[in-house]
Each structure stands twice: as structure tokens, then as C-alpha cells.
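Overview (structure and organization)
These are the residues of each chain, in order.
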Amino acid sequence: MRSALRMIFEYEGYECLVAQNGAAGLKIAERDEPDLVLLDIKMPQMDGMEVLKQLRQMQPSLPVVILSGHGTVQTAVEATKLGAFDFIEKPPESERILLIARNALSQRRLSEENRRLKLSFDDRYRMVGKSAGLEKVWDAVRRASPTSATVLITGESGVGKELVARAIHRNSLRKDEAFVQVNCAAIPEELIESELFGHEKGSFTGATEKQIGKFELAHKGTIFLDEVGDMSLRTQAKVLRVLQEGEVERIGSQKTIQVDVRVIAATNKDLEEEIRKGAFREDLFFRLSVIPVRVPPLRERPEDLAPLVEHFARQFCAENNVRPRGFTQAAIEALGHHPWRGNVRELKNAVERLLIMVEDDQVKPEHLADVLRRPADEPAGAGGAGTLKDFKEGAERAFLVQKLRESAWNISATAAAIGTPRSNLYKKLEAYGISQEKDG
């Protein structure tokens, strides 16, 4: 059995270690820290249940799949209580064992990512500032966190809506469970339902294996639906059902799956206007906005600019092994005159570019001109002025707008036409302030 399983996994590209009994397996687990353990129940010297207990003490997040040739409901229940990921009878079918392994490894990666996010939360995901506007946001976070109510976070692009969502989760009763983020604008319409709710193997062209949806992965935790205003009406109806019934249905399946998930949504759109246009469901809006939180743009909280610059500079230097440097007071004041249409995200990018490009001990006002981008509605290098960098950025912006118009503002088609990943194209659109409403 060990030999057969090893062949299956190694053929799929996994590295596989084998042990002939429980004691040997525990030594290997301690020495090599595997990502997944397949464990038999009946073994000489030490049975599988005892090995499972010791594995859970050794590595609490290690997924363990129990194998048994004498499977009973009682044994399966006992193994699950001890923390087993799954329980299957021998001999397992190769497709089933590979599917369970992939799901177990996926859950482990999610768990590890969540743990790393918690460790870095205080700095990397900290909201910085002392303005009255930000204090209102913190007050809303404090009120929302202990509850399981849905939260709708609104605000312009780049203001830090994701940080608010993470703060709510981090201070909630679900803080030890998964935080699953979904960017609804970055997923093509034909794939978003599969991404959110999962699908069965063969349910549509390209569905070569079963996929667990994000709602299932977030069970007992929090799902963050970023840019929820970009969802189609069809997907909105399914999300509404999850909120009302607490259940999901994978594409291609008739079976409903119960999920316990807290939903936090965010958008930079005016959803009430979208409702008037018929692009967003009013009943879903009311379900999502039980606790509304508005994050003000950076221009409404200028007193936060200086602490944000200091925070981003310190963070960037520490993470990139860069010589610590600061900004003169005059440079901070000059930054305060910039419109910051990209809000905190644009400020963070500008600080990082300045720290890379400026060689002096401090960043001064004269360093800013070549780094701060022009407002999106002002052509770079207008009137023959500007730097080579201005010209390049202006040309790139014009090129992207033209290609988007040619593809009727279809992001996937545009990305394919210019040979760049969709994620990179979204970053460019944000950096240059490109939108269909303004440039269409």
C-alpha cells in the first residue's frame, strides 16, 4: 500500500516519504516537517489514533488523512474529533486520494497565510493616522468587530478599505479562523461563480477536477468581497442566498452545503446610484449594509499624511534592507499640495519610489517633481514641458486607453491583446486613473 501510494504521488510531482510504523512516522514528521500525512489506523507498536494525537501536539496545523481497511462510522467520528482532515477506506481510488490531498494542502496554505497575516497585522496591515475622519472609522470597527453582522465598506480606490476589513476580522470572535479575500472586479464574469461557490468535476468545459469555493474555504471565518459593485446580477442573487440561507451550491451539483461565514463587502461605487440604474440588487444592498463604514479619501484628512509617510518609509526600509532615510518638513508640506487621487495607495507608491531614486540622506522638495505623477486629466508633458518619465507615462496611458476602447472596455480581452496579466493591467489602470466613465 505504501509503495502504491508513493507511486501515485510521485507521478503527480509530490515528494513522498514513507514509514513502516507509527514511531518511525513520528520521527520523520519531527525531522522533515511534511505538508501532509496519510496515516493508517491498524499498525504494529502504536495505532493510528495515538500517532494522530502526537502529530496534533507536534504540529497543530498539519493536515492528517486517515486510511483504514476496517472503516466504521465510530472510528471516522473519533478521528475527526482528534483533528483528522478526512477519513477514507482502503484501497483508495487514485483520483479520490489526490483530490483529498490537494484540498488538504490548499487548506494548509490558507491557514499558514492567515497565520502570517496575523503576525504582521500590527505593522503591515495597520491603519495609520490621527484625523477625526479616521477616528470615526476606528469607532465603526470597534462597534462592528464583536458582532457577526455584515459590513459594507465604501470609499474611493486606494483609501484602505481592505485594512478596515482586516481590522474588523482581527478583532472579531472569528479571528483564529480564515480571512478569505475575493476581488470581484479582477475575476472574469464567466469564472466568478466557480470562484465563489466552487464546481464539480465536468460541470463545464475546463472543469477537470472539483474545486472548493471561497465561501466554503471561509467556513467559520470571514470572506471579504472587494469591489462587490462589479458583480453581475446573477452572481448577486447567489450571494444573497448565502446571506439569507447560509448555504452554497457548487456548479454542477444538486447538493447544498451549509456554511457559517461572516461577509464584509467593499466598493468604490455609489451602490444606491447603481440600484437606480438597475445594476445592483436593492435587497442585497440592505443585506450587506447592516453596518456601513465610509473610509474618507486622503484629501479629507491631510493631518494623516505626515504619519503615513513616516510609516511607509520605515516599513519599506525595514523590508528591503534599505538605508533608513526620512523626509524633510518642507518635502512633507510639498506632498500635502499633491491631489492624491489614488489616495493612500498612491502615497505609499510615491514614498517607495522616492526612497529608491533619491540618494541623499533626506528626501527634499526638489526630489519630488520627477516622481509625483500628474493628475490623470492633465496630459503628461503638456505644452512641451515635463521630463522623459512624464512623456513615457503619458504615452503608456494613451496606449492603454486606446486598447481598452478597441475591446469595448473588456479587461480580459485587453490584457490578452497587449500581452500582460490582468492583475498588471488593473494596477496600470489604478496608477493612471483610467476609467470607462472618464475615458470611455
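Residues numbered from 1 in each chain as written. Predicted model: local features only at pLDDT ≥ 70, side-chain atom pairs only at ≥ 80, totals over all residues. Heavy atoms only, no water.

Okay, the confidence of the model for the protein next. Mean pLDDT over the protein stands at 85; residues scoring 70 or higher make up 91%. Confidence, read as mean pLDDT per element, is least for helix α5 (residues 94-124) in the protein (72) and greatest for strand β4 (residues 151-154) (97). Low pLDDT (under 50) marks residues 374-386, which in the prediction has 19 contacts with non-local residues, meaning those over four places away or in another chain. (pLDDT = per-residue confidence, 0-100. Helix = DSSP H or I, 4+ residues; strand = E, 2+ residues; numbered from the N terminus. Contact = heavy atoms within 4.5 Å.)

Time to look at the sheet that holds strand β12 (residues 291-294). Through backbone hydrogen bonds, the strands of a sheet pair up, either in parallel or in antiparallel fashion. In spatial order, the strands read β5-β8-β11-β4-β12; together these five strands make up an open sheet with parallel pairing. The strands lining the two open edges of the sheet, one partner per strand, are β5 (179-183) and β12. Averaged over all pairs of adjacent strands, the angle between their axes in this sheet comes to 15°, without regard to strand direction. Pairing between β4 and β12: four bridges, direction parallel. Each bridged residue has a counterpart across the sheet, and for Ile-153 the counterpart in β12 is Val-293. (Pairing = 2+ DSSP bridges. Axes fitted to C-alpha atoms, helices over the stretch in contact; angles between N-to-C directions.)

With that settled, the discussion passes to the pairing of strand β8 (residues 222-226). β8 sits mainly inside the fold: five of its five residues count as buried. Of the two faces of β8, the one lined by Thr-222, Phe-224 and Asp-226 and the one lined by Ile-223 and Leu-225 are each fully buried. Two strands pair when backbone bridges link them, and β5 and β8 are joined in this way by five bridges, in the parallel orientation. In the strand pairing of β8, Gln-181 is matched with Phe-224. (Buried < 20%, exposed > 50% of the residue type's maximum accessible area, 1.4 Å probe, protein only.)

Let's shift gears to the nonpolar core. Formed by 31 residues in total, the largest nonpolar core has its most connected members in Leu-196, Phe-215, Ile-223, Leu-225, Met-231, Val-239 and Leu-288. When contributions to this core are tallied by element, the ones reaching two or more residues are β5, α8 (189-197), β8, α10 (233-245), β11 (262-267) and α12 (282-288). Broken down by element, this core gets its largest block of residues, four residues, from α10. Counting 25 residues, the second-largest nonpolar core is a separate cluster that includes Val-128, Leu-305, Phe-327 and Leu-347. (Core = buried A, V, L, I, M, F, W, Y, C linked by side-chain atoms within 4.5 Å.)

The next thing to look at is the pattern of salt bridges. Counting across every chain of the model gives 28 salt bridges. Taking the shortest distance from any N to any O, the salt bridge between Glu-193 and Lys-238 comes out at 2.9 Å. Of the two residues, Glu-193 is situated in helix α8 and Lys-238 in helix α10; the sequence distance between them amounts to 45 residues. Residue class for Lys-238 comes out partly exposed when judged on its relative accessible area of 29%. In this structure, Arg-301 engages Asp-304 in a salt bridge whose closest nitrogen and oxygen atoms are separated by 3.0 Å. Here the two residues Arg-301 and Asp-304 agree in accessibility, since each one is buried. Through salt bridges with shared partners, a single network forms among Arg-174, Lys-220 and Asp-260. (Salt bridge = Lys/Arg side-chain N within 4 Å of Asp/Glu carboxyl O.)

Interaxial distance between helix α17 (residues 411-418) and helix α18 (residues 422-432) falls to 9 Å at its minimum, and their mutual angle equals 105°. The angle between the axes of α17 and α18 places the two elements in the roughly perpendicular class. Where α17 approaches α18, its residues Ile-411, Ser-412, Thr-414, Ala-415 and Ile-418 are matched on the opposing element by Arg-422, Leu-425, Tyr-426 and Leu-429. (Parallel < 35°, antiparallel > 145°, perpendicular 65-115°, else oblique.)

Tallied over the full model, the rule gives four aromatic pairs. Geometrically, the ring pair formed by Phe-197 and Phe-215 is stacked, given 5.7 Å between the ring centres and 5° between the ring planes. In this pair, Phe-197 sits in helix α8 while Phe-215 sits in helix α9 (residues 214-217), placing the two residues 18 residues apart along the sequence. (Phe/Tyr/Trp six-rings, centres within 6.5 Å; stacked < 30°, edge-to-face > 60°.)

Looking at the secondary structure, you find Lys-81 in helix α4 (residues 73-81). For Lys-81, a relative accessible area of 72% gives the class exposed.

Here we come to the sheet that holds strand β3 (residues 86-89). Here three strands make up an open sheet; going across it, the order is β1-β2-β3 and the pairing parallel. Taken across any chain shown, the strands that pair with only one partner, and hence form the sheet edges, are β1 (37-40) and β3. Taking each pair of neighbouring strands and ignoring which way they run, the sheet shows an average axis angle of 25°. Bridge analysis of strand β2 (residues 64-68) against β3 gives four bridges, and the strand direction is parallel. Pairing of Leu-67 across the sheet is with Ile-88, part of β3. Taken strand by strand, helix α3 (residues 48-58) contacts β1 and β2, and its axis lies near 150° from that of β1.

The subject of this paragraph is the side chain of Ser-131. If you trace the backbone, Ser-131 turns up in the loop between α5 and α6 (132-144). Classification of Ser-131 as buried rests on a relative accessible area of 2%. Side-chain polar atoms of Ser-131 contact the side chain of Asp-304, separated by 2.7 Å. Discounting chain neighbours no more than four positions away, the residues touching Ser-131 are Arg-301, Glu-303 and Asp-304. (Polar contact = N/O pair within 3.5 Å; in protein donor to acceptor, adjacent residues only side chain to side chain.)

Glancing now at the pairing of β2. Along β2, five of the five residues are buried, which leaves the element largely enclosed by surrounding structure. Two elements, β1 and β2, share four bridges in a ladder whose sense is parallel. Directly across from Val-37, in β2, lies its bridge partner Val-64. In the classification by handedness, the crossover that spans β1, the intervening α3 and the parallel β2 is right-handed. (Right-handed = clockwise from strand over helix to strand, strands pointing away.)

Along helix α2 (residues 22-32), the residues classified as buried are Gly-22, Leu-26, Ile-28 and Ala-29. Seen along its axis, α2 keeps its buried residues to an arc of 165°; they face one direction. Set apart from the buried face of α2 by more than 90 degrees, the exposed residues are Lys-27 and Arg-31. Following α2 by one or two positions, Glu-33 adopts a phi angle in the positive range, close to 45°. (Arc of directions from axis to C-beta.)

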